[in-house]
Amino acid sequence: MQSPGRGDPDGGAYQQLTLNLFLSEAEQIQSIDEAENVAHTSSAFSFAQNDIDHVLRLGGNTDRQRERVVAAFEKQKTTAEITEILKTLYHGGNGLGSVSAWYAEDGIHLSHGKSVRYDRSAQVISWESAAERIGELLESGQFASNVELAEVAGYERSLLAEKLWYLYHDLSEGAREAGYLSCLSEIKGNGFPEETRRLTEQLSDPAFRQTLKEEYAAFWTAYQQDRDLLRFHYHRPREIWENLKDLDLPRRTFSSDLSQVPTVQHFITEDEIDAAMTGGSSFAGGKGRIYAFFMANHTDKEKVRFLKDEYGIGGRSHALSGATHSGEDHDGKGLHYKKQDCPDVHLNWEKVAKRITSLVQKDRYLTEQEQAQYDKIQSEQELAEEDAIQAQQPEMDEETPKPTLGEQFEQYKPVVTAAISEDTAYRNACGHSDRENAVIEGNAAVRRAVLGSKDMELI
């Protein structure tokens, strides 16, 4: 007999196993996920401050990220403004030391192990808290190296110079003839590297910046009325304008004794691999084809064969978290992932097929928008198939509505009346019998008239 409150561990396991027999595959996967989250609960919040600081300094996946972050603090942006800047600079995920990080709308998700994105027990550092901590690290000289701090302002100007160079070279002939951004026409050299370098230097001159701001304001106003002033429209005019104004903001300086920032071993997280896989193959429509195939009833071997054909041989850059020095290669053996400072990851097609199967079953392969679009297309296809089937059916003549009883009476009344008037027995009864016999003989005459007509509708 058991003591109160302890329960039966074997009975509980048996009950769970019995329950799983009645759960769908998707429900069982959810049950496993929940169990994994419970297993992580004890360690999810045991992060040393150093672990968090490593993520803030080393994570993010944006080129020269620390310098971009420092620029926001040097210009004394508000916490709210810095928070929005951090959201754009930190994206995707990172594996640092023993910690996985994923950057989401509500903040930085942290967990021990190789995945965190769907770990409901993960620790979440809000973007406001991240901004405050970065400010503390900057004040103590522990966020960036002394070389990086010295290069912040110049790097900011070089980024703006590149944006302006591309925009200027996309001006239409009409815009050039009208003289828009004429101050940039004087910066000539041997192509992009030299010209952007010279423009970077010019942007340090307040007088040049003032002239450029005036010309850019005139261009942007005109562009909002006439988009033909640019040949291509991928540029972000408002962002360029804000960047240009920022160069005139008063700046504060930070110092650091670090010759280089502290680092830890980097690794590719499972979240980054899953996110890369949900990008589909390198061919247009590949993601939709993969999803449709895995939604159908296929064997594991068929899935592997399909993926080999769909992906083929090739690759793509920026495959993991949008990081510049990352990539995905695919060949007959499987998928291969690389990311700067991380060990490579190789997955054969059998593992890829199982992974995509799991993502589809957990509703993680398509985004919400993609899922809605897919469902819409499926509904439209089903309706089209139903219409096609109906079109193949032979046309049936429309049935003539049956006449009412009253209409039938009016139709046959003249026929029956004429037949009765010629009925000899009925005429004799009317002439020689009493009224009762005449009625009886009349009814008989009606029956004889109906049967004699041989009209099945009347009979």
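Structure: see above.
Conventions used here
- Residues numbered from 1 in each chain as written.
- Predicted model: local features only at pLDDT ≥ 70, side-chain atom pairs only at ≥ 80, totals over all residues.
- Heavy atoms only, no water.
- Helix = DSSP H or I, 4+ residues; strand = E, 2+ residues; numbered from the N terminus.
- Buried < 20%, exposed > 50% of the residue type's maximum accessible area, 1.4 Å probe, protein only.
- Contact = heavy atoms within 4.5 Å.
- Areas by Shrake-Rupley, 256 points an atom, 1.4 Å probe, with all protein chains shown as cover.
- Axes fitted to C-alpha atoms, helices over the stretch in contact; angles between N-to-C directions.
- Parallel < 35°, antiparallel > 145°, perpendicular 65-115°, else oblique.
- Nonpolar A, V, L, I, M, F, W, Y, C, P; charged D, E, K, R; others polar.
- Phe/Tyr/Trp six-rings, centres within 6.5 Å; stacked < 30°, edge-to-face > 60°.
- Polar contact = N/O pair within 3.5 Å; in protein donor to acceptor, adjacent residues only side chain to side chain.

(A) Representation of the overall build of the protein chain within the structure. Along the protein chain, the regular secondary structure elements total 19 helices and nine strands. Taking all 459 residues of the protein chain together, the buried fraction comes to 38%. Considering only contacts in the protein chain between residues 6 or more positions apart, those separated by 24 or more positions represent 65%. Surface accessibility of the protein chain: about 27,600 Å² in total, with carbon and sulfur atoms responsible for 51%.

(B) Inspection of the packing of helix 4 (residues 65–74) against helix 7 (residues 146–169) at higher detail. Remark: helix 4 packs on helix 7, axes separated minimally by 9 Å, with the N-to-C direction vectors making an angle of 90°. Relative to helix 7, the element helix 4 lies roughly perpendicular. Contacts between helix 4 and helix 7 involve Arg 66, Glu 67, Arg 68, Val 70, Ala 71 and Glu 74 from the first element and Glu 148, Leu 149, Glu 151, Val 152, Tyr 155, Glu 156 and Leu 159 from the second.

(C) Local environment of the packing of helix 13 (residues 286–295) against helix 15 (residues 349–361). Running from amino to carboxyl end, helix 13 crosses helix 15 at an angle of 85°, the nearest separation of the two axes being 10 Å. Taken together, the axes of helix 13 and helix 15 are roughly perpendicular relative to one another. Residue-level contacts link Ile 290, Tyr 291, Phe 294 and Met 295 of helix 13 to Ala 353, Ile 356, Thr 357 and Val 360 of helix 15. Tallied by class, the residues present in the contact of helix 13 with helix 15 amount to seven nonpolar, one polar and no charged.

(D) Representation of unusual backbone geometry in the model. Phi at Leu 181 is positive, roughly 55°, even though this residue is not glycine. Along the chain, Leu 181 falls in the loop between helix 8 (173–177) and helix 9 (192–202).

(E) How the structure looks around the environment of Glu 272. Locating Glu 272 in the fold gives a position in helix 12 (residues 270–277). When its relative accessible area of 1% is taken as the criterion, Glu 272 is described as buried. The spacing of Glu 272 and Lys 114 is 158 residues in sequence and 9.8 Å in space, taken between C-alpha atoms. Beyond its immediate chain neighbours, meaning those up to four positions away, Glu 272 contacts Gly 93, Asn 94, Gly 95, Trp 102, Phe 267, Leu 320, Ser 321 and Lys 339.

(F) Spotlight on the packing of aromatic side chains. Scanning the model with the defined rule gives 15 aromatic pairs in all. Consider the rings of Tyr 180 and Phe 219, whose centres lie 6.1 Å apart with planes at 70°: the pair is edge-to-face. One end of the pair, Tyr 180, is in the loop between helix 8 and helix 9; the other, Phe 219, is in helix 10 (residues 206–225), and 39 residues separate them in sequence. According to the relative accessible area criterion, Tyr 180 is partly exposed, its value standing at 24%. With a centroid separation of 6.0 Å and an interplanar angle of 55°, the aromatic rings of Tyr 216 and Phe 219 are classed as tilted. In this pair, Tyr 216 and Phe 219 both sit in helix 10, three residues apart, roughly one turn of the helix. The same class applies to Tyr 216 and to Phe 219, which are both buried. Grouping aromatic residues by their ring pairs yields a cluster made of Tyr 180, Tyr 216, Phe 219, Trp 220, Tyr 223 and Trp 241.

(G) Seen up close, the side chain of Ser 256. Tracing the backbone through its elements, the reader meets Ser 256 in the loop between helix 11 (237–246) and strand 5 (266–267). A polar side-chain atom of Ser 256 sits 3.0 Å from the main-chain carbonyl oxygen of Gly 141. For Ser 256, the side chain forms a polar contact with the main-chain nitrogen of Leu 258, separated by 3.0 Å.

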